[in-house]
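A look at the structure
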Protein chains: 4
Amino acid sequence: MNDVQKETAEHEVDLDKVGVKDVRYPIDVLDKENDIQHTVANISMYVDLPRHFRGTHMSRFIEILDRHRGRMTLDNIGPILTEMKEKLDAKSAHLEIAFPYFIEKTAPVSGQKSIMVYDCKLIASQGGGDHDELIVEVNVPVMSLCPCSKEISDRGAHNQRSLVTVRIKTEAFVWIEDIIDLVEGAASSDVYALLKREDEKYITEKAYDNPRFAEDMVRQIAVELENISEITWFSVETENYESIHNHSAYAAVSRQVKRS
Amino acid sequence: MNDVQKETAEHEVDLDKVGVKDVRYPIDVLDKENDIQHTVANISMYVDLPRHFRGTHMSRFIEILDRHRGRMTLDNIGPILTEMKEKLDAKSAHLEIAFPYFIEKTAPVSGQKSIMVYDCKLIASQGGGDHDELIVEVNVPVMSLCPCSKEISDRGAHNQRSLVTVRIKTEAFVWIEDIIDLVEGAASSDVYALLKREDEKYITEKAYDNPRFAEDMVRQIAVELENISEITWFSVETENYESIHNHSAYAAVSRQVKRS
Amino acid sequence: MNDVQKETAEHEVDLDKVGVKDVRYPIDVLDKENDIQHTVANISMYVDLPRHFRGTHMSRFIEILDRHRGRMTLDNIGPILTEMKEKLDAKSAHLEIAFPYFIEKTAPVSGQKSIMVYDCKLIASQGGGDHDELIVEVNVPVMSLCPCSKEISDRGAHNQRSLVTVRIKTEAFVWIEDIIDLVEGAASSDVYALLKREDEKYITEKAYDNPRFAEDMVRQIAVELENISEITWFSVETENYESIHNHSAYAAVSRQVKRS
Amino acid sequence: MNDVQKETAEHEVDLDKVGVKDVRYPIDVLDKENDIQHTVANISMYVDLPRHFRGTHMSRFIEILDRHRGRMTLDNIGPILTEMKEKLDAKSAHLEIAFPYFIEKTAPVSGQKSIMVYDCKLIASQGGGDHDELIVEVNVPVMSLCPCSKEISDRGAHNQRSLVTVRIKTEAFVWIEDIIDLVEGAASSDVYALLKREDEKYITEKAYDNPRFAEDMVRQIAVELENISEITWFSVETENYESIHNHSAYAAVSRQVKRS
């Protein structure tokens, strides 16, 4: 059969990314507590396409995915990117893996354990321009209590769920768990799937004693990320689902970290 | 050209609903303050299809929509349903129109005006079984403050945005604005797009003085809907986007109202 | 500490459903090929709340979930519902578990294996009214090719991805895999994650030889579901993401199956 | 009352963006046919926040929006950004306005008119770094027919809806309508809300005679955007909702245009 993909393209334009998007797939990731965690992912895989090829071979991306049987540990991502470049005759490869990551948390007073979910994403590139790159994204739901509302009100203070998104580039392995700890420590309180009455009292008072603007949380997280020597770039953003509005408050910063 | 739709169906099954789904369209709706409000809708239009026709004529739904130029006032919905039955040779017609509805609100202390959005839906049927039917759905974002958290804590109380969904069947016209008022009155506080410092103080203290469970809000709304004589059926549900959890608290009730 | 939930409600209204919504959780489900499949779920758990209790105890739902460690096999759902009623002092319990389900498929000509995802949902109730109830929902993406377009055109025919949603109530165990087979057999073609060139030729020609309206697919599936003796009720709907429009074509039927 | 926002921040970090996100608002935009089009928007407004201020004043963003009463024409966006900088004491301002844009299209054979929707976005910045910037984003649903499937198959060819996203930076005004024309011309066919039988035949055959990979469409659009002298930068991406798979095919390119 004729290989239409190998025909000459009508328009001589190098394409940045061609491939498959939103492939849903069961995967295994590394887990600090249990070694391996089974979860499910939404995966996108792209390579560049030089001007002289009309199309890429979409089925080869899925073949690579199947060959690795969903093992998406960090030590496996480099080999997958290399294989993408080889099998698709490309100079650069790009891989995005979004997945929910589950961690058992212990309630602060009762000690009861329950499972929290954190949406994570690995964004890995090879050969696109100067060097290889891995971005780890972690989304952490937390509680924020408004300092202004507390200050001006005779009683109470509005508070809400916030979603903090951290992205980091690193030179060495960093645990998702450690990023989560750092973010939860910068909020008015962290959140839990299961809280008994005594935990709810503790969390309520802790948040009231620890009011934080979106801006405060983002700044504290930024300062702490700068102190982790493995990190060379980061971005932090938070979206507060305001309890007094029908829109969100937002704050963001991204920064290249200068290392000597 | 051969009319494939008029062929005999291979399997003799009467279909409940066939038609077009998720047509996005600019519409006009009635507005208590300004007579007419321009907004945009997501529209679905279905008719029944008896066993002896293979397919319906999808383009006729859009022709009917275009003929009415997006005028989706309540007095126009009956004629649209009748036209759907006639043009599509059907016994029943079903129409769903989802749209954001905008209302100017006045902040409680500063008096500053701003625009709030409420997602609404009209669900209208004709001839499907016994009688015609119109369901009006209104989604109202509000603030809820947890009575338990307030009771057990020495200071503060967790609170969050909640989304209350009310659906009613009525025998006579009921303003969306009146349903919204009733729902906002059942919450710890209503929410606003714009609050100055003095409004934020007012709202914070009002919510603290007025703690409501999801259950409390749903019950109060149910009792008040029962007292509106035009309403023959309703459902109320609320989803609290808990500030201390990463999931929602939920409460719901639906009820046929017995009229003498 | 004072138990606010046990206070008397201000308004004497029995609530249909109170509980937790959108809890994300890793689960295990039964798998025809591999016995057990690890996946992740979005879970909602509700009980009824009589008029004399002000609130339910939200943390108990999560405790029940944790006690079963995410084992959501069909034989486990009855005990979970019973436990919900007991621990929450309720007369009825309701459980919804939505999850992606993965199945290895074999490409039709090349024989290459790849993994397809099907979104499923279990909706289980106990004691709400007359009897226990289990609804199994399966969402099956397929390919539909328009019979009208083929008939009137000198060459080609428009086709698109469709999503078929089947819900069944059964008196005995039915494999999700069997429902999927039946749906895929009613489409112009089934779809795959991985197709080599010879498979793509096969699928293209198969779909062209097998044109199906949304209406045709829904009717064939309805007839075949009626022939499965375990099924007492079903609904079938399909949404065709039309390649020639920016909206969907839709067809639906639901039916109580009379058994002697 | 104490102005908590003006307090000194605990951590001396300049923030890139602080403000309000996902404010839903009725707006007016310019329309090539009818001068003004009423639609609804999702709006985000941010400014930078230097290290010595603890928080921004969220209510001022909404005040600015209200003062302009939703007039989001291109000549108004510069003044809004300037006002954001002034009222919020900031050096840079950023505005994102996403909205559905409706255009009446004429069916190719029957000449029947119907309304198509295109999701658009304006992304405007002032003072963030070197210069002011406006990005116009247009999302165009089209039909793509696979050249490989056509070539290898004895009859038919798989085709599907695709969504093409174009973003441009310009030095002068460019009509959204002109970008849409250019994108629709690069596809196997454009799509319509309303097609009569003779139109469906025309579209089916046109697409069959005009097979295009995702890669082909992106390349042709890139070449044509390069020829528009007002454009200084663009990105083009397309996502094909493959009718033979449950995932998408994807192609993308972005490019700075060198002008002499």
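What counts and what doesn't
- Residues numbered from 1 in each chain as written.
- Chains lettered and ligands numbered in written order.
- Predicted model: local features only at pLDDT ≥ 70, side-chain atom pairs only at ≥ 80, totals over all residues.
- Heavy atoms only, no water.
- Patch = residues over 30% accessible without salt bridge, like charges linked within 9 Å, V, L, I, M, F, W, Y side chains within 5 Å.
- Areas by Shrake-Rupley, 256 points an atom, 1.4 Å probe, with all protein chains shown as cover.
- Salt bridge = Lys/Arg side-chain N within 4 Å of Asp/Glu carboxyl O.
- Helix = DSSP H or I, 4+ residues; strand = E, 2+ residues; numbered from the N terminus.
- Least-squares fit on C-alpha atoms with pLDDT ≥ 70 in both.
- Contact = heavy atoms within 4.5 Å.
- Expected span 1.5 Å × (residues − 1).
- Buried < 20%, exposed > 50% of the residue type's maximum accessible area, 1.4 Å probe, protein only.
- Buried area = accessible area lost by both parts, 1.4 Å probe.
- Polar contact = N/O pair within 3.5 Å; in protein donor to acceptor, adjacent residues only side chain to side chain.
- Nonpolar A, V, L, I, M, F, W, Y, C, P; charged D, E, K, R; others polar.
- Pairing = 2+ DSSP bridges.
- 1 Å grid on protein atoms, 1.4 Å probe; cavity = no way out; pocket = protein on both sides within 12 Å on 5 of 7 lines; lining within 4 Å.
- Points joined across faces, edges and corners; volume = space filled by probe spheres on them.
- Axes fitted to C-alpha atoms, helices over the stretch in contact; angles between N-to-C directions.
- Left-handed = near helix turned anticlockwise from the far one by under 90°.
- pLDDT = per-residue confidence, 0-100.

Judged by side-chain polarity, A:Leu30, A:Ile36 and A:Phe173 come together as a nonpolar surface patch covering roughly 230 Å² of accessible area. Here A:Phe173 is to be found in the loop between β6 (159–170) and α4 (176–185).

Looking now at the relation of the copies chain D and chain C. Rotating chain D by 180° about the axis while translating it 0.0 Å along that axis superimposes it on chain C, leaving an RMSD of 0.0 Å. Taken together, the turn and the small shift mark the pair as related by a two-fold rotation axis. In this assembly, 100% of the residues forming the interface of chain D have copies in chain C that are likewise at the interface, indicating an isologous arrangement.

Our next topic: helix α6 (residues 214–226) of chain B. All names here are of chain B. Under the 1.5 Å per step criterion, the end-to-end length of α6 is 19 Å for 13 residues, consistent within 8% with the ideal 18 Å. Burial runs high along α6: 10 of the 13 residues are buried. Taken as a whole, α6 has its buried residues at Ala214, Glu215, Asp216, Met217, Val218, Arg219, Gln220, Ile221, Ala222 and Leu225.

Looking now at the interface of chain D and chain A. Each partner contributes residues to the interface: chain D has 53 residues there, and chain A has 53 residues. With both chains or domains summed, chain D and chain A bury close to 4,300 Å², and 56% of this area falls on carbon and sulfur atoms. Considering only the surface of chain D that becomes buried against chain A, D:Arg54, D:Arg219 and D:Tyr250 emerge as the three largest contributors, covering 18% of it. At the junction of chain D and chain A, the tally comes to four salt bridges. Note that A:Glu239 and D:Lys21 form a salt bridge whose closest N and O atoms lie 3.3 Å from each other. At the junction of chain D and chain A, the tally comes to 24 residue pairs in polar contact (both at pLDDT 80 or more). For the side of chain D that touches chain A, the secondary structure elements donating two or more residues are β1 (15–31), β2 (35–49), α1 (58–67), α3 (147–152), α6 (214–226) and β9 (248–256) of chain D. Take the side of chain D that touches chain A: its biggest share by element is nine residues, from β1(D). By residue class, the composition of the side of chain D that touches chain A is 27 nonpolar, 11 polar and 15 charged.

Our next topic: the interface of chain D and chain C. Listed per partner, the contact involves 38 residues of chain D and 38 residues of chain C. With both chains or domains summed, chain D and chain C bury close to 3,300 Å², and 52% of this area falls on carbon and sulfur atoms. Our enumeration of links across chain D and chain C arrives at four salt bridges. As a salt-bridge pair, C:Asp209 and D:Arg155 come within 2.5 Å of each other at their nearest N and O atoms. Run the count over chain D and chain C and you get 27 residue pairs in polar contact (both at pLDDT 80 or more).

This part covers the pairing of strand β5 (residues 133–145) of chain C. Residue and element names in this part refer to chain C. Taking burial as the measure, the 13 residues of β5 include 11 buried ones, the bulk of the element. Across seven bridges, the pairing between strand β4 (residues 113–126) and β5 is antiparallel. Residue pairing for β5: Cys120 is matched across the bridge by Val138. Sheet topology places β5 next to strand β6 (residues 159–170); 11 bridges connect them, and they run antiparallel.

Our next topic: the relation of the copies chain D and chain A. Of the transformation superimposing chain D on chain A, the axial component is 0.0 Å and the angular component is 180°, with the fit at an RMSD of 0.0 Å. With an isologous cut-off of 70% or more, the 100% of interface residues of chain D that recur at the interface of chain A puts this contact in the isologous class.

It is worth spelling out the layout of surface pockets at this point. What the largest pocket holds in volume is close to 740 Å³. For the largest pocket, the lining is made up of 28 residues, of which D:Asp31, D:Asn34, D:Phe102, D:Ile103 and D:Glu104 are closest to its centre. Among the secondary structure elements, those contributing two or more residues to the lining of the largest pocket are β1 (15–31) and β2 (35–49) of chain B together with β2, β3 (93–106), β4 (113–126) and α4 (176–185) of chain D. With six residues, the top contributor of residues to the lining of the largest pocket is β3(D). Classifying every residue of the lining of the largest pocket by side-chain character gives 10 nonpolar, six polar and 12 charged.

Another aspect to go through is helix α1 (residues 58–67) of chain C. Along α1(C), eight of the 10 residues are buried, which leaves the element largely enclosed by surrounding structure. Among the residues making up α1(C), those that are buried are C:Met58, C:Ser59, C:Phe61, C:Ile62, C:Glu63, C:Ile64, C:Leu65 and C:Asp66. Tucked inside the fold, the buried residues of α1(C) contact β4 (113–126) of chain A, α6 and β9 (248–256) of chain B together with β1 (15–31), β2 (35–49) and α2 (74–87) of chain C.

A few words now on the packing of α4(D) against α6(D). All names here are of chain D. It is the contact of α4 with α6, at a shortest axis distance of 9 Å, that shows an interaxial angle of 140°. The element α4 and its partner α6 pack so that their crossing is right-handed. Taking contact as the criterion, the partners of Ile179, Leu182, Val183 and Gly185 in α4 are, on α6, Gln220, Ile221, Glu224 and Leu225. Broken down by class, the residue content of the contact of α4 with α6 amounts to five nonpolar, two polar and one charged.

As for its position among the elements, B:Thr204 is in helix α5 (residues 197–209). When neighbours within four sequence positions are excluded, B:Thr204 is seen to be in contact with A:Ser149, A:Ser153, A:Arg155, A:Gly156, A:Ala157 and A:His158.

Once that is clear, we can look at unusual backbone geometry. Residue and element names in this part refer to chain D. Positive phi, close to 70°, is recorded for Asp35, a residue that is not glycine. With respect to the secondary-structure elements, Asp35 resides in strand β2. Judged by its relative accessible area of 56%, Asp35 falls in the exposed class. The residue Arg69 is not glycine, and still its phi comes out positive at about 45°. By secondary structure assignment, the location of Arg69 is in the loop between α1 and α2 (74–87).

So, about the pattern of salt bridges. Residue and element names in this part refer to chain A. A complete count under the given rule lists 82 salt bridges over all chains for this structure. For Lys121, the salt bridge goes to Glu96, with nearest N and O atoms at 3.5 Å. Of the two residues, Lys121 is situated in strand β4 and Glu96 in strand β3 (residues 93–106); the sequence distance between them amounts to 25 residues. Owing to a relative accessible area of 21%, Lys121 belongs among the partly exposed residues under this scheme.

Per-residue confidence for chain A averages 93 on the pLDDT scale, and 97% of its residues sit at or above 70. Here the complex is predicted with pTM 0.96, and the ipTM for its interfaces comes to 0.94.

Sheet topology note: the strand β8 (residues 231–240) of chain A/strand β9 (residues 248–256) of chain A ladder contains eight bridges and is antiparallel. Bridging across to β9(A), A:Glu239 finds its partner in A:Tyr250. Bridge count between β9(A) and β1(D): five bridges; the pairing is antiparallel. In the sheet register, A:Ser248 faces β1(D), and the bridge partner there is D:Lys21.

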